[in-house]
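Residues per chain, in single letters:
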Amino acid sequence: MNIMVVGVGGQGTLLTSRIIGKTALNAGWDVKLSEVHGMAQRGGSVVTFVRFGKKVYEPVCEEGSVDVLISFERLEAQRYAHFLKKDGIMIVNDTRIDPMTVVIGASEYPSGILEALSQKHSVYTIKGGEIAKSLGNSKVLNSVVLGLAAKHIGFSKDEWLEVLKATVPQKTIEINTKAFEMGYEGE
Amino acid sequence: MSEKRIMLGNDAIARGAYEAGVKVSSSYPGTPSTEISEFLAKYDEVYTEWAPNEKVALEVAAGAAISGVRSMACMKHVGLNVASDPLYTLAYTGINAGLVIVVADDPGIASSQNEQDTRMIARSAHLPLVEPSDSNEAKEYFKYAFELSEKYDTPVIFRTTTKLSHSQSIVELGEKIAPQDKTYERSMTKYVMMPASAIGRHKVVEAREIQMEKDASAFPINTVEYNDKKIGFITSGVPYQYVKEAFPNASVLKLGVINPLPKTMIEDFVKEVEAVYIIEELEPVIEEQVRSWGLNVKGKECFTKQGEYSANMLKKVINGTDECVFEKAASPARPPILCPGCPHRSVFSVLNKLKIHASGDIGCYTLGAVAPLNVIDTTICMGSSISLLHGMEKARGKEYIKNWVATIGDSTFLHTGVNSLINMVYNKSSATVMILDNRTTGMTGHQEHAATGKTLKGEDTYAIDLAELCRSIGVPNVIEIDAFDVQGLEKTVKESVNGDTLTVIIAKAPCALLKGQKFPYVCKVDSEKCKKCGMCMKIGCPAMTKNEDGTVKIDETMCNGCGLCANYCKFGAISKQER
């Protein structure tokens, strides 16, 4: 299984992919993750990969190989959609973050991204930011998105929650669990 | 059964160091090597420190090794350039207890200024180089590197790459071995590298390399897997994983030790297999040697010397197939940017307004080069901002640099910038140097340094006062200023660049991402007052966008309330308010 998590530096994509990796590990699979650190993290476009199976060699997913693409932002979903395999699916947090090139007028934010993507791929969207805000902590966005993705990746809800609870800070277990549930149940 | 964990390559290297019984580690942060020292610092048994630069770090580790304990230093590839002075001569002296130098290369240039290949340096310094291909190997090979180091009395370079360091895979934890500390014995011919001793030691270096070359075919981390003998690969490191992914049925010779190469093993492999490809990212280090033995292999005539490889790329070149199903859509680029509330933005906004060019340096503030700030003109290497500006002044005169400053971070200043500043003092510079003091090593993820008052282990220590340091070496004019005091900065910079006195301006404010800070303010836009002039957008803050009607919008969850945008609004439409 090839999973790709993309977004904007600072959105929590790294934590999301680590939870996916740990859940797969607990289920007995060989797992590899590839992360982005350093300069690229500063508000740039970030990509992490999670691969699991009987035996995994390459730590990254290749173009045309991704089963589930999780994007924390619309433009980033478009940027990496070509990584999907033919029947791969896409989970998109429905939000817009303008890159600096758009802010300063050097380029335009594309319109109708989700519509265009839906014509080629199975796209599941969620307004994760609004759900997180309604729970009172915008930082739990990644748990909401993970919840929706989890349903399409497999494993039981309990398997996911066990790792989620062990990964997030002690004080935020309750709210993160709730956020995950809302993503898991929503659609 | 022993515990299995999923670990980052860098975490696994630190675990390997712990299990190998390393007692001393000294390093300077540098992506992608930084986390090794941070993970290692968590083991109470290992003394771990941040040194001001890689040369110091390697010398500290060498001292520890000569005294008789296993030691190590970690750095990124360009850091090894800084440490290459001790490196080349340590190859002569040899070690006493094991000494391993971890060097992280960055094929693909994710976070560096070049794409140099450390394997070339290992060859020219006559040092063995070990390279793993995943996290478990990182841990195991690291222990093996110490065995090699002690067996052959030589420092060993342990090469990792971005993909290895920043990927996670499963690691089987082992027990810590407790090697006996070695006894130190004085030996002038071994450790005092004056000509008479060095001439003798050069012979030792050559003899050692010849011996290692003979032994290399039996090193357990050089392995051969014979499968389909029509096609075979000689490879090492992460590219091994690409080969296995793309050609699971091919024969593979996997190198764990890159220098010296196992000649007999490679000769046998090339004889056995019909078509042999050498798969190595960056330089043709393996290939050129193999070809020099008269063997027929394929390499860089098929594959690039740039960037990272991948399984798809191998398949494309060798089989001519393309796995991609969907076309790549053209999307506006999203380059990295300075964070909301970053103090560097404030400084660059002033320099931009004054139309000043900056000789830049290595750090987050390199982002001051890009639109809309467009301030930095040059970035070469750590500490170079100050010396480059000095060179410009000496070449073109005082007037020429009246619209130039050097900008350098606090950690980078202590790394090698201070040497360049000494040169300015000594050679009568009239330049303006700005130290962007954000109280941390920012870009690599917030490491302590000699001016923060904390050690890598989190202990309190003396914090070097940058202003006093500058004064003590003779800088006549040292000014400390709040990095967000835009009016003050403007006045100070103007006076300084137009004056004839060497001036250091220390612009101080903590990095917005430093932990433990409170952000009690937030900036808000009064859309009635907003004239859509776009002045506030010129600071390039990611928390700011435009509404459909052209008025400015500030994302309150992203805004850190620094108030810089409010400073640039002539109409009072933006105000800094309590959250």
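Trainee: Which parts of the structure should I look at to understand the packing of aromatic side chains?
Mentor: Taken as a whole and assessed by the stated rule, the structure comprises 17 aromatic pairs over all chains. Ring centres 5.5 Å apart and planes at 40 degrees place the aromatic pair A:Phe52 and A:Phe155 in the tilted group. Of this pair, A:Phe52 sits in strand S3 (residues 45-53) while A:Phe155 sits in the loop between helix H6 (141-153) and helix H7 (157-167), placing them 103 residues apart in sequence. Judged by relative accessible area, A:Phe52 falls into the buried class, the value being 8%. Pairing B:Phe233 with B:Tyr277 gives two aromatic rings, centres 5.8 Å apart and planes at 25 degrees, and the pair type is stacked.

Trainee: Is there a simple way to think about the pattern of salt bridges in this case?
Mentor: It is possible for side chains bearing opposite charge to pair when their charged atoms get close. All names here are of chain A. For the structure shown, the criterion picks out 42 salt bridges over all chains. Between Asp67 and Lys85 there is a salt bridge, and its shortest N-O distance comes to 2.5 Å. A residue pair is termed long-range when its members are at least 10 positions apart, and Asp67 in strand S4 (residues 66-71) and Lys85 in strand S5 (residues 84-93) qualify at 18 residues. Overall, Asp67 belongs to the buried group, its relative accessible area being 17%. Note that Arg79 and Glu76 form a salt bridge whose closest N and O atoms lie 2.9 Å from each other. Here Arg79 pairs with Glu76, and both are found in helix H2 (residues 74-80), just 3 residues apart, close to one helical turn. What makes Arg79 buried here is its relative accessible area of 11%.

Trainee: Looking at this structure, how should I read the sheet that holds strand S7 (residues 156-161) of chain B?
Mentor: Residues and elements named next belong to chain B. Read across the sheet, 7 strands follow the order S3-S2-S4-S5-S7-S6-S12 without closing on themselves; strand pairing throughout is mixed. Two strands in the sheet have a free side with no partner beyond their single neighbour: strand S3 (47-50) and strand S12 (257-259). Here strand S6 (residues 129-130) pairs with S12 via 2 bridges, running antiparallel. Bridge pairing in S12 links Leu129 to Asn259. Packing against the sheet, helix H7 (residues 135-151) makes contact with strand S4 (71-76), strand S5 (99-105), S6, S7 and S12, and its axis sits at approximately 160 degrees to S7.

Trainee: What should I look at first to understand unusual backbone geometry in this one?
Mentor: Most of the time, phi is negative for any residue but glycine, and the peptide bond is trans. Residue and element names in this part refer to chain B. The peptide bond linking Thr31 to Pro32 adopts the cis configuration, its omega dihedral lying at 5 degrees. By the element assignment, Pro32 lies in the loop between strand S2 (24-27) and helix H2 (34-40). Backbone torsion omega between Asn259 and Pro260 reads -5 degrees, so that peptide bond is classified as cis. Position of Pro260 among the secondary structure elements: in the loop between S12 and helix H12 (263-272).

Trainee: Would you take a moment to explain the interface of chain B and chain A for this structure?
Mentor: Across the boundary between the two partners, chain B contributes 55 residues, which contact 51 residues of chain A. A combined buried area of about 4400 Å² lies between chain B and chain A, and 63% of that area is made up of carbon and sulfur atoms. The largest share of the area that chain B buries against chain A comes from B:Phe326, B:Pro332 and B:Arg334, three residues that together contribute 20% of it. With a closest N to O distance of 2.9 Å, A:Arg51 and B:Glu245 form a salt bridge. Here chain B and chain A share 21 residue pairs in polar contact (both at pLDDT 80 or more) between them. Counting residues per element, the side of chain B that touches chain A draws most heavily on helix H11 (residues 238-246) of chain B, at 5 residues. The residue makeup of the side of chain B that touches chain A, split by class, is 28 nonpolar, 18 polar and 9 charged. With 3 bridges joining them, strand S2 (residues 30-34) of chain A and strand S8 (residues 167-172) of chain B adopt antiparallel strand pairing. Looking across to S8(B), one finds that A:Lys32 is bridged to B:Ser169.

Trainee: Would you mind going over the sheet that holds strand S9 (residues 223-225) of chain B with me for this structure?
Mentor: In any sheet, the strands associate via hydrogen bonds between backbone groups, in a parallel or an antiparallel arrangement. Residue and element names in this part refer to chain B. As summarised here, the arrangement of the 4 strands in space is S9-S11-S10-S13, forming an open sheet in which the pairing is mixed. A single partner strand is all that each edge strand has here, and the edge strands are S9 and strand S13 (275-279). Each adjacent strand pair in this sheet contributes to an overall mean axis angle of 15 degrees, direction not counted. Summarising the sheet, strand S10 (residues 228-236) and strand S11 (residues 250-255) pair through 6 bridges and their orientation is parallel. For Thr235, the partnering residue across the bridge sits in S11 and is Lys254. Taken strand by strand, H11 contacts S9, S10, S11 and S13, and its axis lies near 155 degrees from that of S10. Against the sheet, helix H13 (residues 285-292) makes contact with S10, S11 and S13, and its axis sits at roughly 140 degrees relative to S13, the strand it touches most.

Trainee: Explanation requested: the side chain of B:Asn312 in the structure shown.
Mentor: Mapped onto the elements of the fold, B:Asn312 is located in helix H14 (residues 311-319). According to the relative accessible area criterion, B:Asn312 is buried, its value standing at 13%. In this structure, B:Asn312 is in contact with A:Glu62, A:Glu63 and B:Glu323, ignoring residues within four places of it in sequence.

Trainee: Whenever I open this one, the state of the cysteines confuses me. Can you help?
Mentor: Here is the idea: a disulfide is a covalent bond, and it sits between the sulfur atoms of two cysteines. All names here are of chain B. Under the criterion given, the structure shown has 0 disulfides over all chains. Between Cys364, a free cysteine, and Cys511, which holds the nearest cysteine sulfur, the sulfur-to-sulfur gap is 6.5 Å. On the basis of relative accessibility, which here comes to 12%, the residue Cys364 falls in the buried class. You can see Cys470 has no disulfide; the closest cysteine sulfur is in Cys381, sitting 19 Å from it. What makes Cys470 buried here is its relative accessible area of 0%.

Trainee: Help me understand the environment of B:Ile386 in this model?
Mentor: Residues and elements named next belong to chain B. Of note, Ile386 is situated in helix H16 (residues 384-396). On the basis of relative accessible area, Ile386 is assigned to the buried category, the value being 0%. Separated by 38 residues in the primary sequence, Ile386 and Met424 have C-alpha atoms spaced 8.1 Å apart.

Trainee: I keep staring at helix H1 (residues 9-19) of chain B and nothing clicks. Help me out?
Mentor: Note: α-helices contain 3.6 residues per turn, so residues at a spacing of three or four share the same orientation. Residues and elements named next belong to chain B. Counting buried residues in H1 gives 11 out of 11 residues, a clear majority hidden from the surface. Among the residues making up H1, those that are buried are Gly9, Asn10, Asp11, Ala12, Ile13, Ala14, Arg15, Gly16, Ala17, Tyr18 and Glu19. Looking one or two residues past H1, Gly21 carries a phi angle of roughly 80 degrees, positive in sign.

Trainee: Explanation requested: the pairing of strand S19 (residues 503-508) of chain B in the structure shown.
Mentor: Every regular strand shows the same layout, with side chains that alternate between the two sheet faces. Residues and elements named next belong to chain B. Most of S19 sits inside the fold, with 5 of its 6 residues counted as buried. Where strand S17 (residues 432-437) lies against S19, 6 bridges are found, and the strand directions are parallel. Paired with Ile435 across the two strands is Ile506, which belongs to S19. Traced from strand S18 (residues 477-482) through helix H19 (residues 486-498) to S19, the parallel crossover comes out right-handed.

Trainee: How should H6(A) be read in this particular structure?
Mentor: Residues and elements named next belong to chain A. The end-to-end C-alpha separation of H6 is 18 Å, in line with the 18 Å expected for 13 residues at 1.5 Å each. With respect to burial, H6 is a largely interior element, 11 of its 13 residues being buried. Along H6, the residues classified as buried are Leu141, Asn142, Ser143, Val144, Val145, Leu146, Gly147, Leu148, Ala149, Ala150 and Ile153. Residue Gly154 follows H6 closely and has a positive phi angle near 110 degrees.

Trainee: When you look at the confidence of the model for chain B in this model, what are you seeing that I'm missing?
Mentor: Should the pLDDT be low somewhere, the predicted coordinates at that spot are not to be read in detail. Looking at chain B, the pLDDT average stands at 96 and 100% of residues meet or exceed 70. For this predicted complex, the interface confidence comes out at an ipTM of 0.94, alongside a pTM of 0.96.

Trainee: Could you clarify how one ought to interpret the pairing of S5(B) in this entry?
Mentor: Residue and element names in this part refer to chain B. The element S5 is largely enclosed, with a buried count of 7 among its 7 residues. In the sheet, S4 pairs with S5 via 6 bridges, with the strands oriented parallel. Bridge pairing in S5 places Cys74 opposite Val102. Two strands pair when backbone bridges link them, and S5 and S7 are joined in this way by 6 bridges, in the parallel orientation. Across the sheet, Ala104 pairs through a bridge with Thr160, a residue of S7.

Cut-offs applied
- Residues numbered from 1 in each chain as written.
- Chains lettered and ligands numbered in written order.
- Predicted model: local features only at pLDDT ≥ 70, side-chain atom pairs only at ≥ 80, totals over all residues.
- Heavy atoms only, no water.
- Phe/Tyr/Trp six-rings, centres within 6.5 Å; stacked < 30°, edge-to-face > 60°.
- Helix = DSSP H or I, 4+ residues; strand = E, 2+ residues; numbered from the N terminus.
- Buried < 20%, exposed > 50% of the residue type's maximum accessible area, 1.4 Å probe, protein only.
- Salt bridge = Lys/Arg side-chain N within 4 Å of Asp/Glu carboxyl O.
- Pairing = 2+ DSSP bridges.
- Contact = heavy atoms within 4.5 Å.
- Axes fitted to C-alpha atoms, helices over the stretch in contact; angles between N-to-C directions.
- Buried area = accessible area lost by both parts, 1.4 Å probe.
- Polar contact = N/O pair within 3.5 Å; in protein donor to acceptor, adjacent residues only side chain to side chain.
- Nonpolar A, V, L, I, M, F, W, Y, C, P; charged D, E, K, R; others polar.
- Disulfide = S-S within 2.5 Å.
- Right-handed = clockwise from strand over helix to strand, strands pointing away.
- Expected span 1.5 Å × (residues − 1).
- pLDDT = per-residue confidence, 0-100.

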